[in-house]
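Given next are the chains, with one letter for each unit.
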Amino acid sequence: MVPLGLNHVIRVFTLLQIITNGRYKSSVHRAVVNAERARLSVATFYDPSKSRKICTAPQLVSKDEPQKYRDVIYGDYVSSWYSKGPEGKRNIDALLIQP
């Protein structure tokens, strides 16, 4: 995803991937550096409370489409990233339910 000109880039946050049971995929954050031109980035975050349980929407789980991700408390999810880091993986990979 490379924005051209004056564009907005909206990244789908990992939690939306859990909520939608993988229908929406979160993107990997990358930045393209241009030594010829200045770049302005503004990051805005909207986080749920640290005690909020994040889970797949029940309407998106069925016999044919089983739940793909374990439920997680948002504060635990964020803390795990800061305490152990990505270790070459995305945090969401640790929440995958293996068949």
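Given the structure is predicted, the values throughout are model-derived calculations rather than measurements.

*Asks:* Report on the overall build of the protein, specifying residues and quantitative values.
*Replies:* The number of helices and strands found in the protein is 2 helices and 2 strands. A sequence separation of at least 24 residues applies to 57% of the contacts in the protein between residues at least 6 apart. Only carbon and sulfur atoms are counted for the fraction: they give 57% of the accessible area of the protein, which is about 8300 Å².

*Asks:* Before we move on, can you summarise the pattern of salt bridges with the specific residues and values?
*Replies:* Evaluation of the coordinates by the stated rule reveals 2 salt bridges. Residue Lys53 is joined to Asp71 by a salt bridge in which the shortest nitrogen-to-oxygen separation is 3.6 Å. Of this pair, Lys53 sits in strand E1 (residues 53-54) while Asp71 is found in the loop between E1 and strand E2 (72-73), placing the two residues 18 residues apart along the sequence. Glu65 serves as the salt-bridge partner of Lys68, at 3.7 Å between the closest nitrogen and oxygen. Residue classification places Glu65 among the partly exposed residues on the basis of a relative accessible area of 35%.

*Asks:* Explain unusual backbone geometry to me, and be specific about the residues and the numbers.
*Replies:* Despite not being glycine, Asn21 shows a phi value in the positive range, around 55°. Within the fold, Asn21 resides in the loop between helix H1 (14-19) and E1. Here Asn21 falls in the buried class, since its relative accessible area comes to 2%.

*Asks:* Give me the lowdown on the nonpolar core, citing residues and values where you can.
*Replies:* Grouped together as the largest cluster of nonpolar side chains are 10 residues: Leu15, Ile18, Ile54, Tyr69, Val72, Tyr74, Tyr77, Val78, Ile92 and Leu95. Only H1 and helix H2 (74-84) provide two or more residues apiece to this core. Per-element accounting of this core gives the leading share, 3 residues, to H2. Dropping the residues within four chain positions of it, Tyr69 is found in contact with Gln17, Ile18, Asn21, Gly22, Thr56, Ile92, Leu95, Leu96 and Ile97.

*Asks:* Can you explain the environment of Ala57? Please cite residues and give values.
*Replies:* Here Ala57 lies in the loop between E1 and E2. With 37 residues separating them in the primary sequence, Ala57 and Thr20 have C-alpha atoms 6.4 Å apart.

*Asks:* Break down the environment of Asp71 for me, citing the residues and quoting the values.
*Replies:* Take Asp71: its relative accessible area is 38%, and that puts it in the partly exposed class. A C-alpha to C-alpha distance of 9.3 Å links Asp71 and Ile19, two positions 52 residues apart in sequence. Residue contacts for Asp71: discarding those within four places in its chain leaves Lys53, Ile54, Cys55 and Thr56. Polar contacts involving the side chain of Asp71 include one to the side chain of Gln67, which spans 3.0 Å.

*Asks:* Can you lay out a nonpolar patch on the surface for me, pointing to particular residues and giving the numbers?
*Replies:* A cluster of nonpolar residues, Leu16, Ile19 and Tyr24, forms a patch on the protein surface that exposes about 270 Å² of accessible area. Assignment of secondary structure puts Ile19 in helix H1. We classify Ile19 as partly exposed; its relative accessible area is 33%.

Reading guide: rules and limits
- Residues numbered from 1 in each chain as written.
- Predicted model: local features only at pLDDT ≥ 70, side-chain atom pairs only at ≥ 80, totals over all residues.
- Heavy atoms only, no water.
- Helix = DSSP H or I, 4+ residues; strand = E, 2+ residues; numbered from the N terminus.
- Contact = heavy atoms within 4.5 Å.
- Areas by Shrake-Rupley, 256 points an atom, 1.4 Å probe, with all protein chains shown as cover.
- Salt bridge = Lys/Arg side-chain N within 4 Å of Asp/Glu carboxyl O.
- Buried < 20%, exposed > 50% of the residue type's maximum accessible area, 1.4 Å probe, protein only.
- Core = buried A, V, L, I, M, F, W, Y, C linked by side-chain atoms within 4.5 Å.
- Polar contact = N/O pair within 3.5 Å; in protein donor to acceptor, adjacent residues only side chain to side chain.
- Patch = residues over 30% accessible without salt bridge, like charges linked within 9 Å, V, L, I, M, F, W, Y side chains within 5 Å.

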